[in-house]
Amino acid sequence: MSVSLKESRLAAESDEEKNESEKRGRTIVRTSLIGIFANVLLAGFKAVVGAASGSVAIVMDAVNNLSDAASSIITIVGTKLAGRPADKKHPFGYGRMEYLSAMVISLIVLYAGITSLQESVKKIIHPQTPEYTAVTLVIVAVAVLVKIVLGRFVKATGKRVNSDSLVNSGQDAIMDSVISASTLAAAAIYLTTNVSLEAWLGAAISAVIIKSGIDMLRETLSEILGEEASADLARKIKADVCSFPEVRGAYDLVLNNYGPDVYNGSIHVEVCDTLNADEIDSLTRAITAKVYQKEGVLLTAISVYSYNTKDLEVTQMRDKLVSILKENPNVLQVHGFYVEKEKKAMRFDMVVSFNEKDRGKLYQDMLRKAREAFPDYHVTAAMDTDFSEE
């Protein structure tokens, strides 16, 4: 494209979209502050109650609340950093800071779980008899209700604004409510049978926290590595592109994620071989504007395939080639087909599925079949990938 990426972004981005981004950031910060307040309050109560009763499970639960509060602080910092505008050093912006903050949160949760497991093991080796009171049990019961309400609120808000950090924090809070409820169950068992399960329950809580941290870390690393864009978004973009009468097909969509809901991408379009450079330039600009306006995705590159429009025999050749190659179910698509009869040259792209164990071998086998079917032509093909394959 003749306009720079930075100029394209500034030209396409409206004040309304900027306001939506700022509104999203304020929502995340406000929700995180509520989480901090609630978790610090709960941690203080549980720490006092746990120390007074000698309950290691309640003390460990208080530590978990503090880690939740720390997670909310990191969410706020990450959101603020992610909202910084693009600059020369980072022309795609700072949106991925949200993924890094989510990774830090998962490490904090993991550390809290390991630390609490160590303390629980010590209590198993050197047991202490807990002392429960009515006040102790009431406070723990209230904590269960608070965590359920807080968890549902934070998780729902995270889904609404597409914040992994909030979703993880909300899910963690819901899990905490189950853990606190199990603490009550242990207290009931002790009061009725005089059997203390505190240390063992503390170990079980620690194991759950560790698993949660590992799962969160795995998911965050997957996002940082780069995951496949949603099939629904890919379908919408291709439909937008194909809505132009000059476009016969849209292929090879590549979407690069630079933060939640922040995508840049590229695509190939197939147009007839009679369009001139001016018409193609106008078409690609119109496609870029429409996709950004409707889907919020900036197409930084649109490449063009041409197809023969003046020769019926070429159309028959294409149909023959497609029928041969698509006999194998892992050949998903054949596009970019063009024949130069004067030069006896044929070219096309072949999309090979990730389900194929040896994609390179399948490509070579299919290319050989194509050359056998058209021995009079010099056949060349590119092995392609559908990055939004369902």
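Here goes a summary of the coordinates provided. Predicted model only: the values in this text are computed from it and were never measured.

## Looking at the environment of valine 154
Here valine 154 shows up in helix H5 (residues 134–161). In this structure the C-alpha to C-alpha distance between valine 154 and aspartate 172, which are 18 residues apart in sequence, comes to 9.9 Å.

## Re the sheet that holds strand E4 (residues 331–340)
Read across the sheet, three strands follow the order E4-E5-E6 without closing on themselves; strand pairing throughout is mixed. At either margin of the open sheet sits one strand with a lone partner, and together these are E4 and strand E6 (378–384). Taking the axes of each pair of neighbouring strands and ignoring which way they run, one obtains an average angle of 20° across the sheet. Across seven bridges, E4 lies against strand E5 (residues 345–352) in antiparallel orientation. From the neighbouring strand, valine 339 faces E5, where its bridge partner is methionine 346. Sheet strands in contact with helix H10 (residues 312–325) are E4 and E5, and its direction is about 150° off that of E4.

## Concerning the pattern of salt bridges
Scanning all chains against the criterion turns up 15 salt bridges. Taking the shortest distance from any N to any O, the salt bridge between lysine 341 and aspartate 311 comes out at 2.9 Å. On the criterion of sequence distance, the pair formed by lysine 341 in the loop between E4 and E5 and aspartate 311 in the loop between strand E3 (297–307) and H10 is long-range, its members being 30 residues apart. Among the residues examined, lysine 341 registers a relative accessible area of 27% and is labelled partly exposed. Given the relative accessible area of 25%, aspartate 311 is considered partly exposed. With a closest N to O distance of 3.1 Å, aspartate 365 and lysine 361 form a salt bridge. Separated by four residues within a single helix, aspartate 365 and lysine 361 lie in helix H11 (residues 359–373), roughly one turn from each other.

## Some words on the packing of helix H8 (residues 231–242) against helix H9 (residues 277–295)
Running from N to C, H8 and H9 point in directions that differ by 140°, and their axes come no closer than 9 Å. Put simply, H8 runs oblique to H9. Of the two possible hands of crossing, H8 and H9 adopt the one that is right-handed. Contacts between H8 and H9 involve Leu233, Lys236, Ile237, Asp240 and Val241 from the first element and Ile287, Lys290, Val291, Lys294 and Glu295 from the second. Taken together, the residues of the contact of H8 with H9 break down into five nonpolar, no polar and five charged.

## Remarks on H10
The end-to-end C-alpha distance of H10, which contains 14 residues, comes to 20 Å, matching closely the 20 Å that a straight helix rising 1.5 Å per residue would cover. The complete set of buried residues in H10 reads Val314, Met317, Leu321, Val322, Ile324 and Leu325. The arc that holds every buried residue of H10, seen down its axis, measures 160°, which confines them to one face. Those residues of H10 that are buried are in contact with E4, E5 and H11. Its side-chain oxygen at 2.9 Å from the backbone nitrogen of glutamate 313, aspartate 311 defines the N-terminal cap of H10.

Cut-offs and rules
- In this convention, every chain numbers its residues from 1, walking through the sequence in written order.
- Local features in this predicted model are restricted to residues whose pLDDT is 70 or higher, and side-chain atom pairs enter the listing and the counts only when it is 80 or higher, whereas totals over whole chains, interfaces and linings include all residues.
- Each side-chain value is derived from all of the structure's non-hydrogen atoms; neither hydrogens nor water enter the calculation.
- Strands are runs of DSSP state E lasting at least 2 residues, helices are runs of H or I lasting at least 4, and numbering of each runs from the N terminus.
- By definition, two strands form a pair when at least two bridges between them are found by DSSP.
- Orientation is described by axes fitted as lines to C-alpha atoms, over the contacting stretch for helices, and by angles from 0 to 180 degrees between their N-to-C directions.
- Residue contacts are defined here by distance: any two heavy atoms, one from each residue, within 4.5 Å place the two residues in contact.
- What makes a salt bridge here is a side-chain nitrogen of Lys or Arg within 4 Å of a carboxyl oxygen of Asp or Glu, nothing more.
- Working definition: with a 1.4 Å probe on protein chains only, accessible area under 20% of the residue-type maximum means buried, over 50% means exposed, and in between means partly exposed.
- Roughly parallel refers to an angle under 35 degrees, roughly antiparallel to one over 145, roughly perpendicular to one between 65 and 115, and oblique to any angle outside these ranges.
- Should the near helix be turned anticlockwise from the far one by less than a right angle, the crossing is termed left-handed; should it be turned clockwise, right-handed.
- Gly is placed with the polar residues, together with every amino acid not listed as nonpolar (Ala, Val, Leu, Ile, Met, Phe, Trp, Tyr, Cys and Pro) or charged (Asp, Glu, Lys and Arg).
- Between the first and last residue of a helix there are one fewer steps than residues, each counted as 1.5 Å, and that sum is the expected span.
- Within this analysis, the arc is defined by the directions that extend from the helix axis to the C-beta atoms.
- Two N or O atoms form a polar contact when they lie within 3.5 Å of each other; inside protein one atom must be a possible hydrogen donor and the other a possible acceptor, and for residues adjacent in sequence the pair counts only when both atoms belong to side chains.

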